Structures are given as C-alpha cells and as structure tokens.
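A closer look at the structure
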Amino acid sequence: MTELAKNYNPHATEKDLYEEWERRGYFQPQDHGKGERFSVLMPPPNVTGVLHLGHALENTILDIMTRYKRMQGYETLFVPGADHAAVATQARVEKNLIGSGAYTNPREELGREKLLALIRDFAEQSKSTITAQVRAMGSSCDWSRFAYTLDDTRAHAVTTVFEKMYRDGLIYRGYRVVNWSVKGQSTCSDDELEHHERTGTLYTFKYSKDFPFAIATTRPETKLGDTAVAVNPTDERYAQYIGKTFTVDVGAAKPLSLTIIADQNIDPAFGTGAVGVTPAHSMVDFEMYEKNPDIGIVPVIGKDGRMLPAAGAAYAGLTVAEARAKFVDYLRDNDLLISEEDVQQNVGTSDRFGDVVEVLPMEQWFVAVNKPIPGRDNKTLKDLMRDAVHDGVDGATTTITPARFTKVYDHWIDNLRDWCISRQVWWGHRIPVWYRGDEMVVSATRPDGDGWEQDPDTLDTWFSSGMWAFSALGWPDDLEDFRKYFPNTWMQMGTEIIFFWMARMILMATYVHGTVPFTDVYIHGILRDRDGRKFSKSLGNGIDPLDIIKDYGTDALRMALISDITPGNDARFSMDKVTDARNFTNKLWNIARYILSGTGNTAPAPIARTSADHWILARLDATITTVTDHLEHYRFAQAATALRDFTWNDFADWYVEVHKIEKNDALIRFVFRTLLALWHPFMPFVTETLFAHFRTDGHAAMLIIAPWPQPRAAQGAGDAETFVTVKNLITTLRNIRALYRLTPEQKPVLACDADLYPLATEHSDIIRRLARVERIMPEAEAATAGSAAVTTPRGSGALLLGSIIDVAAERARLEEELATARKLAADKQARLENENFTARAPQDVVAKERTLLAEAQRRAEELHNALNTLHA
RNA sequence: GGGUGAUUAGCUCAGUUGGUUAGAGCACUUCUCUUACAAAGAAGGGGUCAGUGGUUCGAGUCCACUAUCACCCACCA
C-alpha cells in the first residue's frame, strides 16, 4: 500500500508527469483505429514578452478539448507555436533600447542588420520563456511540430502565397492613402487602429470672400490640400454649383482649384452641408477622388508629420498642430471664419506606437478584396470570406460558436477595404519583390544578374498568421500532416481577434485551398480581474500564471480559469477561485487517501449490491452523460460544475460515508477510477498522479490515454430510488438534531410507520450511524412507549422520540410546515381546477401536477397527524 | 450614428426548445477536531429573476418599450 501525504502537493509530480507524457509520445497523434482525427492549433503567442492569464485560459480550453478527444480515441494533434508579431516586437525592442538610454533612434543609429539581430535575440528569449510557460500549463501539444511564423517553412508559405496572389492580380502595388504612424514610421492597417474619442473643434469658414458658400471642417490645415468641394446631389442650396470650378488662394503653394462635386454620402444636415475634399489625407475623400480623378490629389503632410512645401511657404515644415493654428489665424484675420464649435470626434491611434495616425497617400502593397479571382466564377476574396460561414466554400463551412459572432463578422466584411500589407518596420517577412531600374520581379530569391534590390518593406504580420491554419501543418514544404489534418477540426480565440485573425485565416484558406481553415471555431470572451477591469500593464493588475502555479498548482489554475466562463462572454478571474479550485484538488486527493487506506487494490468486476451502490452508479451514468454533452457543446464551466457536484456532494458526502458502513471495495474503486478519467481533461496532473495508485492490469498505461467513460446503462433504478428516500430521511433527522441542538451523544429513538419500517430496518446501520439514532422501532410500539416528545420528519412516516425535544417548539415547527404544505396543495388544486390549464397544457404536465398535488396532500395529512400525536 | 451583449442571492455565475416550491460555488449563521480531508463535516438563513406593458392555461425563459453597464463597428467632415 502506498502512503499518500495528507495534502496534495502539485510540485512533487507536475514536471515529471509532463515529461513522461511527452517521452512516451502521447502528445503526438496516435492511431487508435477509430479512423477519426481531431486537430487544433495553438493561437501562436506573440514573442513580445511573457504569457498572461488570457493565454493561460486559451491553453486550458484547447487542452481540455484535446485531452477529451484523445481519450475518446481520436487521432489527436495539437500544434504549438509562436508568432514573430512584426510591428509589436520591433516596437517593444525599440522602446526598450530607447528606455535604456543607449539610443535615441535605434533604426538610424544601429542600421537594419544590427537592429534585427537585437530583435532576433529578444524574440528567441521570449520564445523560450513562452514555451516553458505553455509546458507548465500542462498543454498536451506536440512539441516536435512546433511552428514559428518566421521560420523557413512559414517563410516559404508566405512567399508562395504572395506569388500566387500576385499572379492572380490580387496583390498589387498602388498609390493610395494609408494609415501612417509618424512615431513608428510605418503604415498600419485599418484594424490596427484604436479609436479614441476626444473633443475637437469644428470650424465653419469660407475659402475666400468670393467663394459662394461656407464649409465645415475639424482639420483646417488639410484644407491647404483641398481639390474639390462635395455636396449632396439632392441639396437644392448647392445644385447650381455642381460641376463648376472655383479658384481660391488660401496661402498654399498654388491657388486651390476646387470643383464642386456631388456625393451621396454627404449629409446636408451636418455643418453647412458642404465638405472640402482632401483626397490626400482622408480615406473617404480619396474614394471620391477615385470616382472623380479629374479633381486631382495634392499631399500637404509628409511622413514626418510636418507640412510639405505644397502647403505653402508659410506652412512648410510646421507640425500639423502649428499649421492648424496658423491657418485658423489666417481665416480669422481675413474675416473668413464664421464659427467655431466643440464637437466629439474619434481619432485613429496606432495600437502599437500610440500616436495619432495620419492618413497619407503612398506607394504601398495591397490585397484587393473586391476583385474577381481568376478561375473562381467571378468570386472575390470578400465573397469567399462570406461563403465560408454561410453557403460554404466547395461544400465546407466554418461554424462559429456562439453564433451571434457570425453577424459581427459579416458586418466587418461589408466594410472591408483593400488590405495594405506592406510595413516599413524591419522585423518580419521581407516583401519578395525585386527592383532594377524600371524592372520588377516577384520572387522569393534574388533574380539572376546584377543590380537587383529587394523591396525594403516587410509584410503585415497578419499576412503570415493568416496562413497559420495550414502553414503550421507544414504546408508547403511537407504535405503529410497537411493532407491528414487540414482543415483543422477546431479553433478557439478571443473576441478581439476575430477580424485580425479568424477573418484572415478564412481568407487565406478559402483562396489558397478552396476550403475553410477549420470546421468549428469557439469564441471566448476576455478575462478580467475580480473588479471587472481588463488586465493591463498600466493598471498593474497583471498576474503571472507561473506565480499561481507555484503557489497552488497547475490544476487549480486551470480550474479557476474556466470556472464561470460561457461562450463569447467576458469572465472575471479572482484568487478566490484559485483557492476554491486548490481545495477541490485536495478533496479529490483525500477521497483517494480514504479509498487506498480502506480497500485492497484488486479489480473484480464491480457489482451493485446495495441501494447505495445502485444509486451511485445511476448518478455516475447521469454525470457521464451530462459532462460529455457539455463538452461536446464547449460548455467547459458547466461540465466542471456537474462533475464537481457529483464528486463532492454525491460521491464524497454520501457514497464514501456509506462505504464506511457497507463496504463494496470493487465498486468504490470503479467509481473513483471513472471519476479520475472524467476529471483528467480539466485537472491532468492530480488525476494522473492518483491514477497510478488505482491502475491495475487491464488499464491503460497512463490516464492520459485511458478511454473516456461511457454510461453503463445501470440497472436497479428502483433500488436507487430507495436510497434517495433513505438519504432524505437522514437529512431530515440531522435537520431536527441541529434544530434542537442535540449533542453527538444524544441519540433518540426512531419510530416508523408501517410503510417506512421495512426500509428503515433494512438500512438500519446506515441510518443509525449517519443520523445518530439509538434504535429503530415500529410506530405502534412508540405510541405505547409514552415518550415525552415526538417529531415527524417531513413526509417520511417516521417519528423521533426522546425527552430532549422541546414540545412547544416542535409544535410551532410542524405548524409552519403544515401551512406550507397546505398552501402548495391549494395552489396545485387551483391550477388543476382551471379548465384552460387541463385542456391546453400537455398531458404529461397535467399528470405531473396531479402527482404533485397528491404528494402535497399526503404530506399535509402526515403533518396533521404528527401534530395530533404531539398533543396526545 | 449603427450593432452586440449583460442586468437572477452579499460576490462570481448557471438556468439548453416557456411547465415542480428559481440553482451552484464563495461569503454568512449554528454545531462538530466523528480514525480521507478543518483546504473538512453536518444543518441553516438569504433572490420574485433591472423596470413597465404585452402574448400565454402558464414567463427568469417569448415580444415591445424604458433604464443602467460593457463592448464592437463607423474619419458626419
């Protein structure tokens, strides 16, 4: 017999177990002859730092599903990885370098190669930290397949797809307006902007005294680059001017030539109903320019965030803010400014560099989302992305859980513009394009001949992570896994990444492979702190998962993370949840201690003999069914709750206690082993540790590959019901004991009516011990015994005799109960007398009500009789 | 401006197609160190389901409106 310590100590085993699972190859896909596969990919954490609780939650969710499916016999693959996170990582390293005081402008001072070397070092260090953390979480992923978005295979995937898209005309180089971070000196995509509300000023002014009407703007300085004025085509005030061109001199290098154009999107009710059009510095204005190219485009702001010479000699070189003030002064001095008014506006801010983003026209690389794809029936990338979650792409669809996010995704697609994929940071996949004079070649490698220069820019990090669904499976270098596991079975991610990542993965998979990246995707909410705030550096409320693991163990952390989570909704995390979970692991541990100390490790077929045996098996069956159903629907928290309820309330509090009286060693071991299996996906370490003590010949080598439990279609439902009656009787007796403050030594006599007596005597040992009853006798004998006080447990047909009981208090208690029972009976009666109810409600509901009425009436009668006995 | 979600016990949350007297964990109260566990055991108190109106024999559950909170999208310049 192995002696277990009094309390569970996670540190003694976690590391060794993880290594043993890995060494035995259980993390690698194994064919169990089931012929079905389950493949998931880890959302690759950014190599910008360390894992936080959000990552820990994702890994827990992924690992629960993976372990569950593995136990069900699926050939299971869980691929781990890391993301180079282009802009984010470079921004982080640059910030560190500047923060250290050694550099003020790392890009200039170090140059491309040296800075890249520093970033690479940082990324490698971060990567090893992250993988250690993922291991500590217990994630059963296949490390031999570890994928990094910047390694050779993934780089190959990127260049392959880039070339294919270029050939198909979906990637193009164009002069268009883009979001430009002055601080980061790089473009960013629309999705990388955070919109912050702030108060701005809406200026209403006229371009000149001669100009026929006024316009309104919050960006006066950009008016130096206006090339048109737009009005709504239905606006009668301006109809006469549409098509006319006015020349005004506002101080720019050249007088502005303003054509009045009509545009549906102009709101006649806002401002003056007329808008100055600045194609170079506004996304919507640029779109107007695309429709009316004749108006021209005049950039007046440069990459450094300062005014260009085109803005005029007085403005060139000024910052945007300085130019704004100066231009407003000009308007005021010349009596052109009509009004100033505070307005709330949203400004786009770079999420990585933190500065307000300028819109500038530049030569950049784009993915065309609205262009027909050759050989795809005129479908565009947008069409494919929409089809993936609706009609299907070549018969394949992705199902989003919860379904409401499908609408969010649709809406995003509707508003999608061409995707700017070139970035001016250095950390990332370099654009596979080469230039020599006017020549341009798209190629992963330098073309033959001298003088070729590669495009200095890199690709948006989401261009490579968009391929994760297949590049992580080895495509295009090694197609074995790809053929076997693609599309992936499942994916999970947070709400905040639906557009960035899920949409791009769908784009890439549907375009490159004509199918979806994964069949099902589960969206989880954000993890917040106990007060509902987001975890953030600035709030200082971050928690390192490793700290919790150190103090409470991985299983406790995993359980705490998934407690109370529901699909798509945010959840709160608190240390209370961790201690609760830790307490539970200890509970499981101590149940094991009891069983190990009290039973032998033989494994005969478990046979139910007593009513308690039948009851626990029935409850176990129901629990298996419930937990399996919850897991199939990704209801992780509810699955764990159902299991906890069974483990603690049924098994520990009742069956283990009964086992101390009526031993069925084979059965208690069977139930506990089954429990360990059910708990394993949630708490892999404590369950595997305990399994080693319960394993006998014929069981799996380790719990991680043990079969997922199946209901046994337990027999003896009647016996199980009998035990429920006994259990209720005991609870009631205990209730009365507590009510009258009986000490453990005070043991009353239990008198039962004719119905209950046989059952009570049959379970005499259990009742006497668990309810602390002296002895059990028939009611008839009790009546003649002349005891001083009597009590009747509710609806049980039993009396408790003993001089310790307070007759007056007991009478009050019974009267209260009687009133409750009578009210219930009256309610039921009224309902059944309602013809509408009996006629329209389903028959089974009506029958149920009749049963309940009968029960309530019976109980009222019993209580009434009990009161009479009490008086006598 | 458009959209989504939330509102159930002191706290954190369940409540799957409307059908018993609305549940759990924690916290709280009382009792108990009973030889698995005080990180425990036993018993108990506590909510009318944000509000209003509606549909229905029946509403926490469906519909409408209102309130509060949270989030997403959107360069009404």
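No experiment lies behind these values; they were computed from the predicted model shown.

The next thing to look at is the pairing of strand β18 (residues 433-436). When β18 meets strand β19 (residues 439-442), the two strands line up antiparallel, connected through four bridges. Each residue of the ladder has a partner; that of V433, found in β19, is V442. The pairing of β18 with strand β20 (residues 453-454) spans two bridges and is classified as antiparallel. Bridge pairing in β20 links W434 to Q454.

On to the sheet that holds strand β10 (residues 245-248). Taken together, the four strands give an open sheet; going across it, the order is β10-β11-β9-β12, and neighbouring strands pair in mixed fashion. Of all strands in the sheet, those with a lone pairing partner are β10 and β12 (274-277), marking the two edges. Taken pair by pair, the neighbouring strands of this sheet meet at an average axis angle of 30 degrees, ignoring direction. Direction of pairing for strand β9 (residues 228-231) relative to strand β11 (residues 256-262): parallel, over a ladder of four bridges. Along β11, the bridge assignment pairs V229 with I260.

In this section: the confidence of the model for chain A. Within chain A, residue pLDDT values average 91, and 96% of them lie at 70 or more. Long-range and interchain partners of residues 787-791, a stretch whose pLDDT sits below 50, account for 21 contacts in this model, where long-range means more than four residues apart. The ipTM value of the predicted complex is 0.95, and its pTM value is 0.94.

As a further point, take the nonpolar core. Ranked by size, the top nonpolar core spans 113 residues in total, and within it W490, F636, F651, F672, W679 and F682 carry the most contacts. For F651, the residues in contact, after removing those within four places along its chain, are I591, I595, I616, F646, V656, I668, V671, F672 and L675. Grouped together as the second largest cluster of nonpolar side chains are 65 residues, L41, V161, I421 and L473 included.

A few words on the protein's contact with RNA strand B. Near RNA strand B, the surroundings consist of 60 residues, among which M283, N346, W648, K828 and R840 are the closest. If you look at RNA strand B and keep only atoms within 4 Å of the protein, 59% of those are sugar or phosphate atoms. Taking A216, its main chain carries an N or O atom lying 3.4 Å from a sugar or linking oxygen of RNA strand B. Among the elements of the structure, β8 (215-217), α9 (404-414), α16 (575-598), α18 (636-659), α21 (717-739), α25 (807-833), α26 (835-840) and α27 (843-871) are those that each provide at least two residues to the surface near RNA strand B. Per-element accounting of the surface near RNA strand B gives the leading share, ten residues, to α16. The residue makeup of the surface near RNA strand B, split by class, is 19 nonpolar, 18 polar and 23 charged.

Opposite charge on two side chains makes pairing possible when the charged atoms of those side chains draw close. By the definition in use, this model includes 43 salt bridges. The salt bridge involving D629 is made with R635; its shortest N-O contact spans 3.1 Å. A residue is classified by how much of its surface remains accessible, and R635, at 25% relative accessible area, is partly exposed.

Moving on, we come to the packing of aromatic side chains. Under the definition given, this model contains 42 aromatic pairs. Each ring, one from F213 and one from Y238, has its centre 4.5 Å from the other, and the planes form 50 degrees; the classification is tilted. Here F213, found in the loop between β7 (193-205) and β8, pairs with Y238, found in the loop between β9 and β10; they are 25 residues apart in sequence, far enough to count as distant. What makes F213 buried here is its relative accessible area of 6%. You can call Y238 buried: its relative accessible area is 6%. Between F470 and W475, the aromatic rings sit 5.1 Å apart at their centres with planes inclined by 90 degrees, giving edge-to-face as the arrangement. Comparing F470 with W475 shows no difference in burial state: the two are buried. Each residue in the set F205, Y207, F211, F213, Y238, Y241, F246, Y315, F327 and Y330 is aromatic and connected to the rest through ring pairs, giving one cluster. Residue placement shows K164 over the ring face of Y511; its charged tip is 5.0 Å from the ring centre.

Our focus in this paragraph is the pairing of strand β26 (residues 749-752). In the case of a regular strand, side chains alternate between the two sheet surfaces. Along β26, one buried face is formed by V749 and A751 and the opposite face, lined by L750 and C752, is buried too. Pairing analysis gives four bridges linking β26 to strand β27 (residues 775-778), with the strands arranged parallel. Along β27, the bridge assignment pairs C752 with P778.

The next subject is the side chain of E192. Considering the arrangement of structural elements, one finds E192 in the loop between β6 (186-188) and β7. Non-local contacts of E192, meaning those with residues more than four positions away in its chain, are made with T349, S350, D351, R423, D460, W462 and F500.

Each strand in a sheet pairs with its neighbour through backbone hydrogen bonds, running either in the same direction (parallel) or in the opposite one (antiparallel). Ordered by their spatial adjacency, four strands build an open sheet running β6-β5-β14-β16, and the pairing between neighbours is antiparallel. Of all the strands in the sheet, just β6 and β16 (419-420) have a single pairing partner and so form its edges.

What counts, and where the lines are drawn
- Throughout, a residue's number is its position along its own chain's written sequence, starting from 1.
- Labels follow written order: the first chain is A, the first ligand is 1, and so on.
- Where local features are concerned, this predicted model is filtered to residues with pLDDT of at least 70; where side-chain atom pairs are given and counted, the filter is 80 or more; whole-chain, interface and lining totals use all residues.
- In computing side-chain values, all of the structure's heavy atoms are included and hydrogens and water are not.
- DSSP calls a pair of strands paired once it identifies at least 2 bridges connecting them.
- Segments assigned H or I by DSSP are reported as helices when at least four residues long, segments assigned E as strands when at least two residues long, and all are numbered from the N terminus.
- For helices, the fitted axis covers only the stretch in contact; all axes are lines through C-alpha atoms, and the angles between them, taken along N-to-C directions, range from 0 to 180 degrees.
- Values of pLDDT, which run from 0 to 100, indicate the predictor's confidence residue by residue.
- The contact rule is simple, with two residues in contact once any of their heavy atoms fall within 4.5 Å.
- Here the nonpolar core consists of buried residues drawn from Ala, Val, Leu, Ile, Met, Phe, Trp, Tyr and Cys, with membership extended through side-chain atoms lying within 4.5 Å.
- Burial here depends on accessible area, computed with a 1.4 Å probe over protein chains only, as a share of the maximum for the residue type. Under 20% is buried, over 50% is exposed, and the range in between is partly exposed.
- Residues are labelled near a given molecule or strand when at least one of their non-hydrogen atoms is within 4 Å of it.
- We call two N or O atoms a polar contact when they sit within 3.5 Å, provided that within protein one can donate a hydrogen and the other can accept it, with sequence-adjacent residues counted only if both atoms are side-chain atoms.
- Put simply, Ala, Val, Leu, Ile, Met, Phe, Trp, Tyr, Cys and Pro go in the nonpolar bin, Asp, Glu, Lys and Arg in the charged bin, and everything else, Gly too, in the polar bin.
- For this analysis, a salt bridge means a side-chain nitrogen from Lys or Arg found within 4 Å of a carboxyl oxygen belonging to Asp or Glu.
- Two rings from Phe, Tyr or Trp (for Trp, the six-membered ring) form a pair when their centres are within 6.5 Å of each other. A pair whose planes differ by under 30 degrees is stacked, one over 60 is edge-to-face, and the rest are tilted.
- For a lysine, the NZ atom is tested; for an arginine, the CZ atom; a charge sits over a ring if that atom is within 6 Å of the ring centre and within 35 degrees of the ring normal.

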